[in-house]
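Report on the structure
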Amino acid sequence: MDRGTIGGTTMRLGVTGPEERGRRTTALLVGITVAAGSGTAGCSSDAGPAMAGSDAVALAVSPVAGQAAARPETPIAVQARRGTVENVTVLTKGTAVEGALSADRSEWRSRWTLQPGTEYTVVATALGRDGRTRTVTSRFTTAKARRTAEVAVEAPYDKETVGVGMPIILQFPRKITDRAAVERALEVRSSKPVEGAWHWFDDQNVVFRTKEHWPSHTDVTFNAHLSGVAVAKDTYGRNASLRFRIGDAHSTKASEDGHHMVVRKNGRVVKKMPISMGRGDVRKYTTTNGNHLTMDKGSPVIMDSSTVGCGPGCAGYYRLTVYSAVRISNSGEYVHAAPWSVGSQGNSNVSHGCINASPSNARWFYDFSYRGDPFKVTGTDRELEPLNGWGYWQLSWQEWVKGSALKQALRVGPEGGVPAPTA
């Protein structure tokens, strides 16, 4: 059978992501996307003709066996006339493909797009009004994709334990031409129910955030069912999967006015420590105000004022090595050990924008922190921008949902996500 081709010359875009795993779609009765122009349904030769006016069931399977290679975005559909679909099994390379029945059981459709360049076998059984069953077997092949783009997952890492504010951050190597199609292919499952939504910052960056923080000790699975999605002209995506776990509920509040940082675990205060924030005489030396997340940590970390526009020869230039550093933004802000400012910690702000703590307190916070822990700064006049690091919690929920290509929030649970009711 001619497998066919889609697109131009072969090219793989060099963006790394989690290892692609076998496809396994989800059996949901809600939110199933069907591509337009899926083709006329046709029976396989096993079906046999049904007599006009009889009560024998007629089964149609598409894509139609023996025709040209199907486009990967075409769904598999099984339709029954004068009866109901009782069972559908779809196999590809030994992996089952699940889907969903319509409410009246007259039609079954696959949930996700299909793998390019792959042979599928469909075995469908229906029950007619005459009480008899009919089974058909159909085989077809999808067209090959000559160009693919692999999504990069910036955060979280696979099997990582993270904080309750952790987003899922995706970056594509090329501009996405159909954000809605991509968003429909992004599946989040949560062992505890949450409400969340995707938000596109541009044509290459999309982020999932929950409405409220994740419940502690929640297991989360993310699957990008992108292998049959046309993400750009002549380009199909590639699947990506990861699992992560939400740890204890950590949160920190740092006050510029009070010169102290209060750390909570599962709602209980576990540490108070004196700190010194940015001295604030110029904007670049003012600690950003608002809802941060802890992003990563390192010991040591080199602090270089060149990253904020003050290179060698600039008045105030500095380059120094710090320890026990936990990053909270992309504008050079960390919580870190600062033995030189211990005398100012708890009473005045003397840093270049970072949050200074004593070596012992900084080490404790370094060991305590997950990536994705909420970290709130109060009292400064420089507001954190949503794209300065992971400042996504600076946006209201209404603003966040507006950034969805589908303009919808999702109710996410163990079986996946369904559209959340609008207020």
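Criteria and cut-off values
Residues numbered from 1 in each chain as written. Predicted model: local features only at pLDDT ≥ 70, side-chain atom pairs only at ≥ 80, totals over all residues. Heavy atoms only, no water. Pairing = 2+ DSSP bridges. Helix = DSSP H or I, 4+ residues; strand = E, 2+ residues; numbered from the N terminus. Axes fitted to C-alpha atoms, helices over the stretch in contact; angles between N-to-C directions. Phe/Tyr/Trp six-rings, centres within 6.5 Å; stacked < 30°, edge-to-face > 60°. Buried < 20%, exposed > 50% of the residue type's maximum accessible area, 1.4 Å probe, protein only. Disulfide = S-S within 2.5 Å.

1. What about the sheet that holds strand β12 (residues 160–162)?
One open sheet holds the four strands; their spatial order is β12-β20-β17-β14, and the pairing between them is mixed. Two strands close off the open sheet at either side, each with one partner strand: β12 and β14 (186–190). Between one strand axis and the next, the sheet turns by 25° as a mean value, whatever way the strands run. Where β12 meets strand β20 (residues 240–246), three bridges bridge the pair, whose relative direction is parallel. Considered in β20, the bridge of V162 is made with I246.

2. Focus: the packing of aromatic side chains
Inspection of every chain in the model, using the stated rule, returns 11 aromatic pairs. Taking the centre distance of 5.9 Å and the plane angle of 55° together, the rings of W198 and F222 count as tilted. Of the two residues, W198 is situated in strand β15 (residues 194–200) and F222 in strand β17 (residues 219–224); the sequence distance between them amounts to 24 residues. Assigned by exposure class, W198 and F222 land together as buried. A centroid spacing of 5.5 Å and a plane angle of 35° characterise the contact between F201 and Y392, whose relative ring orientation is tilted.

3. Details of the state of the cysteines
Scanning the model with the defined rule gives one disulfide in all. C310 shares a disulfide with C314; S-S distance 2.0 Å. Its torsion about the S-S bond being -100°, the disulfide of C310 and C314 is classed as left-handed. Take C310: its relative accessible area is 0%, and that puts it in the buried class.

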